[in-house]
Amino acid sequence: MKKKAKTLILSALAVATGAQALLAATVGVSWARFQEERWVTDEKALEERLEELGHRLLTADARGSSTRQAADIEGLLARGVDVLLVVGHDTQAVIPAVQRALDDGVPVIAYERQIKHPDVTYVGFDPVLVGRAQARALLEVQPDGNYVLIKGGQQDQYAHGTYQGQMDEIGPLVEDGTIDIIAEQWTTDWKPEVAQANMENIITAQGDRIDAVLCSNDGMASGVVAAMEQAGLVGLPLSGQDGDVAAVNRIARGSQTMTAWKDVRVLGRRAADLADAIAKGKDLASLPGATTFTDEELGIEQLAFPLDPTTITANNLELMIEAGWVTREQVCRGVPPGTAEICES
Amino acid sequence: MSWHDVLRTLDPRHKRLLALGASLVVIWVVFDLLSGGLFFSPRNFYNLAVQSSTVALLTVGMVLVIITRNIDLSVGSVLGLTGMVIAILQIEVFPAAAGWNWPLTLAIGLIAGTLIGLWQGFLVAYVGIPSFVVTLAGLLIFRGLTFEISQGQTFSPFQAGYRIFGGGQQGSLGEAASWIVGGVALVVLLGALARRLRSGEASLPFTLLGGLFASALTLFMIYQFNAYDRPRTDLGYGIPSPLLLLTLAATWIGLFVNRAPVGRHVYAVGQNLEAARLVGVPVRRVVLKVFALMGLLCAVGAVITTSRLNAGTTNLGTLLELNVIAAAVIGGASLDGGRGSILGGILGAFVIQSLDTGMVLIGVSSSLRQILIGFVLIGAVWVDRIAVRRS
Amino acid sequence: MKPLLQIESMTKLFGGVHALEEVSLDLHSGEVVGVIGHNGAGKSTLMKIVSGALRPDHGRIRIDGETVTLDSPIRAHQLGIEMIFQDLALLDNLNATENFFLGRELTRSFLGFRWNDAQRMQTIAKEAIHNINPHFHRFRTEVGLLSGGQRQSVAIARAVHLDTRVLIMDEPTAALGPEETEMVRQLVLRLKKRALGIFLIGHDLQDILRLSDRIVAMRGGRVVGTVEAARASEDDLLGMIISGKVPAAALPGPGAVTLDQEKD
C-alpha cells in the first residue's frame, strides 16, 4: 500500500518535472581499487552530475582483484543497473564479465582505462596522451641527454599506455642518439617507497649522469625526489601525473617540473553525460568529441571519447587553484619567499 | 683440526648465523662483479643500509611473534596507519610552524602503534582467536582505516625536525660521531662475545669467526658511510639514522630476550604452551607483550619510512608483511614455534634487500626479482631442513 | 599426628557429569600414597585440583589443618605443592638450568628492569639436580637431547627444591626401563626421608605396591577404598578398581567414610 503510494507520488513528481525524470536510470560503477586519492573525486563528480540528471549511482570496489571485480559486476547486474561503468583492474581479465553485461543488454562504458572490446565505449584521459604530455614537457627543458624512466605497475595496462605515449615522443630521439635511456624500472603497484629505493639504486649505478627523470605519476615522483635530495641531485627535470597536492607543491618549490593533470571532475561529468545519453537512447557516435579507436592487431574498432590531460608547470599553477582543485595555501606550503611568483600575493 | 671438524662442533644456531653472514658476503661479491664494482660503492652501501633497516626492524618483532607460534600479517597495514596518523596530525591538524608539533605527533604515532599491538595481542592471548585470523582482519581493518582518515590523499611535506629519522641529509651522524658510535658498538659486541665464550655459551671457533666477521663488517660499513660524501662537499654522511635506530632497538630487545625472564618465556610459550602454563609462565601476558612490541616497532618503521619519503601515502607498507615474514624465516625462525633468532632475522632482511638492490643495479626487471627472492626463501628453508635432519 | 594435607568432600563437575564426587583423602609427611584407578576414575582431576591447575566446584583442602585456596599453580607452589606431569612439562629447546627455573626465574634489578641472575640460578640448579642425581652433568644441553632418566632427574629436582612439602608424581615410571625405574624408586625413598608427602599416580600396580605406603583406589569419581601397601596384593587392587570390591584389609579413614555415607 505504502509502496504504491510512494510510486504514485514519484510519478506525479516526474510528470511535474518533465519527461526527463521518467527515464531515470540506475548507473553502476565497478572501481578497480578505490583506495587512491583520485577516485574519491571521480565518484563525487560522477554522483553529482548523475543526480543533476535524475539518475542513481551504485558502486562496487574490487580492491585490486580481478576475480572480485568479476563478482562485483555480476552483483551490479543483479541489482538491475541500466548502464555499467567499469574501471578495469586488469583490462584483459575483465572482458568476460563485461561480455556478460553486454549479453544482458546493459551498455558498458570503460571508464579511464580502455577495455578493448568493439561494443564497449571508452571515456578517459588517454594514458598515451598522458605519456606524451609528460615527455613533451621534459623535452622542453631537457631536449637531449640521459633519461631515466620510472614506470608504473607492470601488471597495469595503464602503465603500459603511459609508457607507450612517452616512447612515442622520445623514441625517435633515442633512435638518433639525442637521448639515451640509461635506466628504467617498473614499480610494484606504483608504490612511492619502491620507486624511491629503485631510484636510489639507479643513482648508485648512474651517478651524476642523469639529466632527466621521466616518472609516470606523482606518488612515485615523491619517492624520486626524496632519493635525489639525498644524492644532491636538485632541480632535475621530473615528470608526474594526477595533480596530487604534494606534487603541485613540489612544482611551486621547483623540485618537480610538471604534472599531467587530469581534471577527473571533467571525466566524471563526461561519463555521467554519456550514461545519460544512453538512457535517453541517443546515438553516442554523433556526440561531439567522439572518435574511433582502432586496434589493428586485434581487429577491433570501438567508440572512444579520449580526454586530453592538462600539462601543469610552474607557469600555470593558477589554473588548478582557480578550478578549486588545490588551495593557494596548499600550493605554497613551505615555498621560500621570492622563489615562486604564484606565492607572492 | 680440519674445517669439517670445526663446523661439526658448532651449535646449529651458531652455524646458521655464520652461514647467513657468509651468504651475505657471497651475494655482495657476486653483485659487485656483475655490476662492475658498483655494489661496493659507498653510495650503494649507504642506500642498502637505509633500505634494509625498516624491514629488519619489523623482522626483529616478527621473529618474536613467530617464536611464540603466532604470525602477524598486519604489520604493513599497521605501519601504513600509524604513518598516516602522524602525517595528518603533523601536516594538516597541528600548526606547521610549532616546534612541539613533530615530537608530539611522533609520540602519538608510537602510542597508536603500541595500542594496536595490545589490541591484537589481547584478541590472540585472552580471547583466543588464532593470530592468523586476528592479524588478517587487522591487515584489512587498518589499511581501510588508513584510507578512511586520509580519503586517499598524500600528505607532504613533514617538518624539518622530523626528517632526522629517515637518513639522508638531515638523518646521518657525520664522520666523527660515526667512528665513535662504531667504536662503542665494537667494544660492546666483542665484550658480549667474550662473555659468551667465558660462560661456555659460545664455542671458540664461533667466537673467532663471528667476532672477525662482525668487526670487519662494522668497520667496513662505517668506512663506507663516511666515504659517501654529502652533495657538493667532502663531508661524509656517516651512519644513517634508520640503521642506528635498528641497532639500538635490536640490542635492547636482544638483551631482554637473552638476559631477562621474559625472553625464556617467549621461547617456552612457542615450544609447548601447556607445559609453560603449568610450570607457571604467564603465557597470556607474554603473547600480549610480544604483540604490543610488534605494534610499537611498526610505528617506528612508519616514522622511518615517512620521514625518508617525506610524505604519508595510503599504500605505504602494502605487502611489507611478506618481506618481513620471509626475512624472519630466512633468518631461521620456525613457523612451528619455539625457534628463531633476532640476529638471524636481521641478517635475513639484509639478504633479501641485498638481492633486490643488486638486481636493480644490474638492471633486472621487477618480476624477475620477485621470482628469485621467492626461490631464495624456499632454498633457505630447504637447506635448514637438511641441516636439522642431519644433526 | 595431624595430616600434612587433607582433602575434604572434593566435587568437580564437567558439563553436569561428576568427575569427582565427595572425595576425601589425607596425606602425612614422609608418606607415599599411591592413587590408582582407570582412566576417567578421577585421579588426574583430583591431582590437578591439588596442584592448582583446576578449581573444584565444592570441597576443601587443608594444609596443617588450615583451609587454603588453590587458585593457580603459582599459589600451589607457594604453599609447597608441586606436581610432576607425565610428560614432565619440560621444554625441549631449553637447557636443564633454564627448565629448572622456568616461570620462577631468579632476577636482579638493573636500570629498573629485572634481569636473569644467571650465576645464582646456575649454582642452585646444579646443586639441586646433583642432590637428585649425582651423575648428571649435561647442564648446557637442551633437555630434548637428554635420556628419559636424565629428564626425570631435572623434573624431580625442579619439583622438590626449596620448600616443597607435597609432591604429586603422575606416572613417574611409565616409559622407563628397569634400571631407570629403580633410580626413581631410590629418589622416592630419598624424598621420603626429607619428610615430603608424596602422591603417586600410576597404572603399573606392581610399581605402586613397591613404592607406596598406602594405596587409594578410585572409580567413577569416588574413592573405593584405602589399603596398606604392605598388607595388600595386586589382586586386591585390581578388585577395587575393576569392580569396586573393598578387601577385608581395607583401612578405615576418609576414603572409607565416603563409602559409609553412601550406605546410609
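Numbering of residues begins from 1 in every chain and follows the order in which that chain's sequence is written. For naming, the first written chain is A and the first written ligand is 1, with later ones following in the order written. Only residues with pLDDT of 70 or above have their local features reported here, since the model is predicted, and side-chain atom pairs are shown and tallied only from 80 upward, although totals for entire chains, interfaces and linings are computed over all residues. In computing side-chain properties, one takes all heavy atoms of the structure into account and sets aside hydrogens as well as water.

K.L.:
What should I look at first to understand the packing of helix H9 (residues 241–259) of chain B against helix H10 (residues 261–271) of chain B in this one?
P.N.:
Residue and element names in this part refer to chain B. Each axis is a line fitted through C-alpha atoms, taken for helices only over the stretch in contact, and angles between the N-to-C directions span 0 to 180 degrees. What counts as a helix is a DSSP run of H or I of at least four residues, what counts as a strand is a run of E of at least two, and both are numbered from the N terminus. The interhelical angle for the contact between H9 and H10, taken along N-to-C directions, is 75 degrees, at an axis separation of 4 Å. Judged on the interaxial angle alone, H10 and H9 are roughly perpendicular. Each of Phe-256, Val-257 and Arg-259 in H9 lies in contact with H10, whose residues at this interface are Pro-261, Val-262, Gly-263, Arg-264 and Tyr-267. Looking at the contact of H9 with H10 residue by residue, the classes come out as 5 nonpolar, 1 polar and 2 charged. Relative orientations are named as follows: roughly parallel for angles under 35 degrees, roughly antiparallel for angles over 145 degrees, roughly perpendicular for angles from 65 to 115 degrees, and oblique for any other angle. We call two residues contacting when some pair of their heavy atoms lies within 4.5 Å. Residue classes follow a fixed rule: Ala, Val, Leu, Ile, Met, Phe, Trp, Tyr, Cys and Pro count as nonpolar, while Asp, Glu, Lys and Arg count as charged, and any other residue, Gly among them, counts as polar.

K.L.:
So what exactly am I meant to see when it comes to the packing of aromatic side chains here?
P.N.:
Describing an aromatic ring pair means giving the distance of the ring centres and the angle of the ring planes. Planes of paired rings set the category: under 30 degrees apart is stacked, over 60 is edge-to-face and the rest tilted, where pairs are Phe, Tyr or Trp rings (Trp by its six-membered ring) whose centres lie within 6.5 Å. Enumeration according to the criterion identifies 32 aromatic pairs over all chains in this entry. Measuring from ring centre to ring centre gives 5.6 Å for Trp31(A) and Phe34(A), while their planes differ by 45 degrees; the resulting arrangement is tilted. Across this residue pair, the class does not change: Trp31(A) and Phe34(A) are buried. Note on Trp28(B) and Phe45(B): the rings are 5.0 Å apart at their centroids and 80 degrees apart in plane angle, and the pair reads as edge-to-face. In this pair, Trp28(B) is assigned in helix H2 (residues 12–34) and Phe45(B) in helix H3 (residues 42–67), connecting sequence segments 17 residues apart. Only protein chains enter the calculation, and the probe is 1.4 Å; a residue is then buried if its accessible area is under 20% of its type maximum, exposed if over 50%, and partly exposed in between. By relative accessible area, which is 4% here, Trp28(B) ends up buried. Aromatic ring contacts, followed pair by pair, group Trp28(B), Phe31(B), Phe39(B), Phe40(B), Phe45(B) and Phe220(B) into a single cluster. Stacked on the ring of Tyr163(A), the Lys or Arg Lys151(A) has its end atom at 4.4 Å from the ring centre. Note on criteria: charge over ring means Lys NZ or Arg CZ within 6 Å of the ring centre, with the direction from the centre no more than 35 degrees off the ring normal.

K.L.:
Mind showing me how you'd approach the sheet that holds strand E6 (residues 145–150) of chain A here?
P.N.:
The strands making up a sheet are joined through hydrogen bonds of the backbone, oriented either antiparallel or parallel. All names here are of chain A. Two strands pair if DSSP finds at least two bridges between them. Strand order in the open sheet made by the 3 strands is E7-E6-E8, with parallel pairing throughout. Looking along the sheet, the strands with just one partner apiece sit at the ends: strand E7 (179–185) and strand E8 (212–215). Between one strand axis and the next, the sheet turns through 25 degrees on average, direction left out of account. Most of the contacts of helix H7 (residues 192–206) go to E6, to which it runs at about 155 degrees, and overall it touches E6, E7 and E8.

K.L.:
Would you take a moment to explain the state of the cysteines for this structure?
P.N.:
Residues and elements named next belong to chain A. Disulfide: a pair of cysteine sulfur atoms within 2.5 Å of each other. Evaluation of the coordinates by the stated rule reveals 1 disulfide over all chains. Paired through a disulfide, Cys-332 and Cys-343 show a sulfur-sulfur distance of 2.0 Å. Looking along the S-S bond of the Cys-332-Cys-343 disulfide, the torsion reads about -90 degrees, which is the left-handed sense. Placement of the pair is Cys-332 in helix H12 (residues 328–332) and Cys-343 in the segment after H12, with a sequence separation of 11 residues.

K.L.:
Just checking my understanding: could you explain helix H7 (residues 175–199) of chain B for this structure?
P.N.:
Each α-helix winds once per 3.6 residues, and so residues spaced three or four apart point in a common direction. Residue and element names in this part refer to chain B. Helices are assigned an expected span. That span is 1.5 Å times one less than the residue count. Here H7 is 25 residues long and its end C-alpha atoms lie 36 Å apart, about the 36 Å a rise of 1.5 Å per residue gives. Turning to H7, its buried residues are Ser-178, Gly-182, Leu-186 and Leu-193. Contacts made by the buried residues of H7 are with helix H8 (204–227). One or two positions beyond H7, positive phi appears at Gly-200, with a value near 85 degrees.

K.L.:
How do you make sense of the layout of surface pockets when you look at a structure like this?
P.N.:
Unfilled space is identified by rolling a water-sized probe across the atoms. Approximately 1300 Å³ is the volume found for the second largest pocket. If you list the elements that add at least two residues to the lining of the second largest pocket, you get helix H2 (37–52) of chain A together with helix H4 (75–93), helix H6 (131–150) and helix H13 (320–330) of chain B. The element best represented in the lining of the second largest pocket is H6(B), accounting for 4 residues. The residue makeup of the lining of the second largest pocket, split by class, is 9 nonpolar, 20 polar and 17 charged. Whether a set of points on the 1 Å grid over the protein atoms alone is a cavity depends on a 1.4 Å probe fitting there but being unable to get out, while an open set qualifies as a pocket with protein on both sides within 12 Å along at least five of seven lines; lining residues are those with an atom within 4 Å of a point. Grid points are joined across faces, edges and corners, and a volume is the space filled by probe spheres set on the points.

K.L.:
Before we go on, may I ask you to explain the side chain of Gln134(A) in this structure?
P.N.:
All names here are of chain A. Secondary-structure assignment places Gln-134 in helix H5 (residues 127–141). Counting of polar contacts relies on pairs of N or O atoms within 3.5 Å, with two restrictions inside protein: one atom must be capable of donating a hydrogen and the other of accepting it, and residues adjacent in sequence are counted only when both atoms are side-chain atoms. Side-chain polar atoms of Gln-134 contact the side chain of Gln-166, separated by 2.9 Å. Look past the residues within four positions of Gln-134 in its chain and what remains in contact with it is Thr-162, Gln-166, Leu-214, Cys-215, Ser-216, Ser-239, Gly-240, Gln-241, Met-258 and Ala-260.

K.L.:
Is there a simple way to think about the interface of chain B and chain A in this case?
P.N.:
By a widespread convention, an interface's size corresponds to the accessible area lost as its parts come together. Counting residues at the interface gives 43 residues for chain B, matched by 39 residues for chain A. Once two parts are put together, the accessible area they lose, assessed with a 1.4 Å probe and summed over both, is termed the buried area. Around 3400 Å² of area is buried between chain B and chain A when both sides are counted, 45% of it from carbon and sulfur atoms. Broken down residue by residue, the surface that chain B buries against chain A is led by Arg43(B), Phe147(B) and Leu309(B), which jointly contribute 17%. Here, a salt bridge means any Lys or Arg side-chain nitrogen found within 4 Å of an Asp or Glu carboxyl oxygen. Linking chain B to chain A there are 3 salt bridges. With a shortest N-O distance of 3.8 Å, Glu92(B) and Arg333(A) are connected by a salt bridge. Put simply, the parts of the chain that give the side of chain B that touches chain A at least two residues each are H3, H4, H6, helix H12 (283–309), helix H14 (342–361) and helix H15 (366–390) of chain B. For the side of chain B that touches chain A, the leading source of residues is H3(B), giving 5 residues. Among the residues forming the side of chain B that touches chain A, the class breakdown is 14 nonpolar, 22 polar and 7 charged.

K.L.:
Would you mind going over the confidence of the model for chain C with me for this structure?
P.N.:
Should pLDDT be low for a region, the predicted coordinates there are not to be read in detail. All names here are of chain C. Within a predicted model, pLDDT stands for the predictor's per-residue confidence, ranging from 0 to 100. Averaged over every residue, the pLDDT of chain C is 83; residues scoring 70 or more account for 93%. Strand E3 (residues 32–36) holds the highest mean pLDDT among the elements of chain C, 91, whereas helix H9 (residues 254–263) holds the lowest, 41. Segment residues 255–264: pLDDT under 50, and 10 contacts once partners within four positions in sequence are set aside and those in other chains are kept. Among the scores for the predicted complex, ipTM is 0.79 and pTM is 0.80.

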